[in-house]
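# Observations on chain architecture
Chain residues, written in single-letter form:
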Amino acid sequence: MTIRSVRQVLTGRPTSDGGGVRLTRVISPEQGLDPFLLLDEFDSSEASDYLAGFPAHPHRGFETVTYMLDGHMLHEDHLGNRGELKAGGVQWMTAGRGIIHSEMPQQVGGRMRGFQLWLNLPAADKMKPAAYQDLEPDLIPSVEVPGGTVAVVAGVLVAADGGTARGPISGGATQPLYLDVALEPGATLSVATPPGHTVLAYVFEGAAVIAGQAVPKGTLARLTDGDTLSLSAAAATTRVLVIGGRPLGEPVAHYGPFVMNTGAEIQQAVRDFQAGRLTG
Ligand code: MN
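In short, a report on the structure. Please read all numbers here as calculations on a predicted model, not as lab measurements.

This paragraph deals with the overall build of the protein. Secondary structure summary: the protein contains two helices and 26 strands in total. In summary, the protein has a C-alpha radius of gyration of 18 Å against a globular reference of 19 Å for 280 residues, a match within 12%. Counting all 280 residues of the protein, 51% fall into the buried class. For the protein, contacts bridging at least 24 residues in sequence account for 72% of all contacts bridging at least 6.

Structure, rendered in structure tokens:
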């Protein structure tokens with residue numbers, strides 16, 4: 001067994017996106033955390049921070065994964081999908097060659113909290129037709145572990161006793177793992193992680209310890225390679241987003257809502273969008 005340790009700790013930066021939603025950008029494309037491009041955390045009880053929402057906008061070349069913890073948003077896209085995003089629910093959207101969608105708050109007060117992850121697609125999949133999955137909370141297994149629970153959004157959780165729980169999303173080129181881990185103080189969880197995969201842990205409540213290193217709230221730990229991630233909760237109830245995936249090892253060309261392999265492909269995406277043919 002090779003336990004992953006902390007290679008680097010990163011903190012997010014405050015920014016805004018969409019119509020003017022305040023958020024924390026935990027991962028940015030230029031950081032090279034292949035296959036992960038972006039992770040945004042939004043958390044506010046001030047309606048003015050989120051009411052503007054994310055009006056209609058395009059994407060091409062990757063996947064977006066939205067995980068709601070509090071609040072209510074409505075997703076609509078050019079394919080006619082409508083998804084009510086509520087606490088514990090996930091929207092897994094594969095932009096492929098193109099999607100135009102909006103995500104708008106359905107509340108005028110109260111807390112809005114969640115994450116959006118951008119997961120890259122390999123060159124071979126970037127121009128595939130768009131797809132959308134609305135995963136209601138009851139589709140996401142919640143697994144009891146000693147001293148806590150784990151919501152398995154994607155991939156497989158292998159428990160210490162050898163039992164497994166499979167999330168509703170699995171496979172694909174990046175073989176994503178997406179876990180929401182909640183641990184009581186002093187509890188420790190070990191998670192099997194495929195060697196060679198990029199694994200990141202973002203602490204969003206409490207404080208964690210990973211391989212002897214403190215990882216406070218609001219901190220992303222980038223882990224070394226290994227087959228096991230072991231994390232413990234320090235003083236308070238702790239929640240950690242664990243994200244893993246197989247690196248693609250391909251060049252990344254990023255411009256706004258488009259992520260391709262080359263600058264020429266980005267220029268094509270911009271032209272296609274301007275000409276109204278992004279979505280095919
Ligand atoms: Mn979007």
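On we go.
To continue, consider the coordination of the manganese ion. Every protein donor of the manganese ion is listed here as His57 (NE2), His59 (NE2) and His101 (NE2), and their distances to the metal cover 2.1 Å. In primary sequence terms, the donor set of the manganese ion follows H-x1-H-x41-H. In this pair, His59 is assigned in strand S5 (residues 54-59) and His101 in strand S10 (residues 99-105), connecting sequence segments 42 residues apart.

Among the secondary structure elements, Met93 is positioned in strand S9 (residues 90-94). Each C-alpha atom of the pair Met93 and Gln133 lies 6.2 Å from the other, and the pair is 40 residues apart in sequence. Each residue touching Met93, except ones within four places of it in the same chain, is listed here: His59, Phe62, Glu63, Thr64, His75, Ile99, His101, Ala131 and Tyr132.

This brings us to the sheet that holds strand S23 (residues 228-233). The four strands are arranged S18-S23-S20-S21 in an open sheet whose pairing can be described as antiparallel. Unpaired on one side and paired on the other, strand S18 (188-192) and strand S21 (213-216) mark the two borders of the sheet. Adjacent strand axes in the sheet meet at a mean angle of 30°, parallel and antiparallel pairs treated alike. Where strand S20 (residues 207-210) meets S21, four bridges bridge the pair, whose relative direction is antiparallel. Each bridged residue has a counterpart across the sheet, and for Ala208 the counterpart in S21 is Val215.

Moving on, we get to the packing of aromatic side chains. For the structure shown, the criterion picks out five aromatic pairs. Here the aromatic residues Phe115, Tyr202 and Phe204 are joined through ring pairs into a cluster of three or more.

Time to look at the sheet that holds strand S12 (residues 131-135). Note: strands within a sheet are paired through backbone hydrogen bonds, in either parallel or antiparallel orientation. Taken in spatial order, the seven strands make up an open sheet running S2-S3-S4-S11-S6-S9-S12, and their pairing is antiparallel. The outermost strands of the open sheet, each flanked by one partner alone, are strand S2 (13-17) and S12. Across this sheet, the average inter-strand angle for adjacent strands is 20°, counted without regard to direction. Two strands pair when backbone bridges link them, and strand S4 (residues 36-44) and strand S11 (residues 112-120) are joined in this way by eight bridges, in the antiparallel orientation. Across the sheet, Asp43 pairs through a bridge with Arg113, a residue of S11.

The next subject is the pairing of S9. S9 sits mainly inside the fold: five of its five residues count as buried. The alternating pattern of S9 places Val90, Trp92 and Thr94 on one face and Gln91 and Met93 on the opposite face, and all of these are buried. By the bridge criterion, five bridges tie strand S6 (residues 62-70) to S9 in an arrangement that is antiparallel. Bridged to Thr64 within S9 is Met93. Taken together, the five bridges between S9 and S12 define a ladder with antiparallel strand orientation. Among the inter-strand pairings, Gln91 is bridged to a residue of S12, identified as Asp134.

What counts as what
- Residues numbered from 1 in each chain as written.
- Predicted model: local features only at pLDDT ≥ 70, side-chain atom pairs only at ≥ 80, totals over all residues.
- Heavy atoms only, no water.
- Helix = DSSP H or I, 4+ residues; strand = E, 2+ residues; numbered from the N terminus.
- Rg over C-alpha atoms; globule rule 2.2 N^0.38 Å.
- Buried < 20%, exposed > 50% of the residue type's maximum accessible area, 1.4 Å probe, protein only.
- Contact = heavy atoms within 4.5 Å.
- Donors = N, O, S within 2.8 Å, 3.2 Å for Na, K, Ca; no water.
- Pairing = 2+ DSSP bridges.
- Axes fitted to C-alpha atoms, helices over the stretch in contact; angles between N-to-C directions.
- Phe/Tyr/Trp six-rings, centres within 6.5 Å; stacked < 30°, edge-to-face > 60°.

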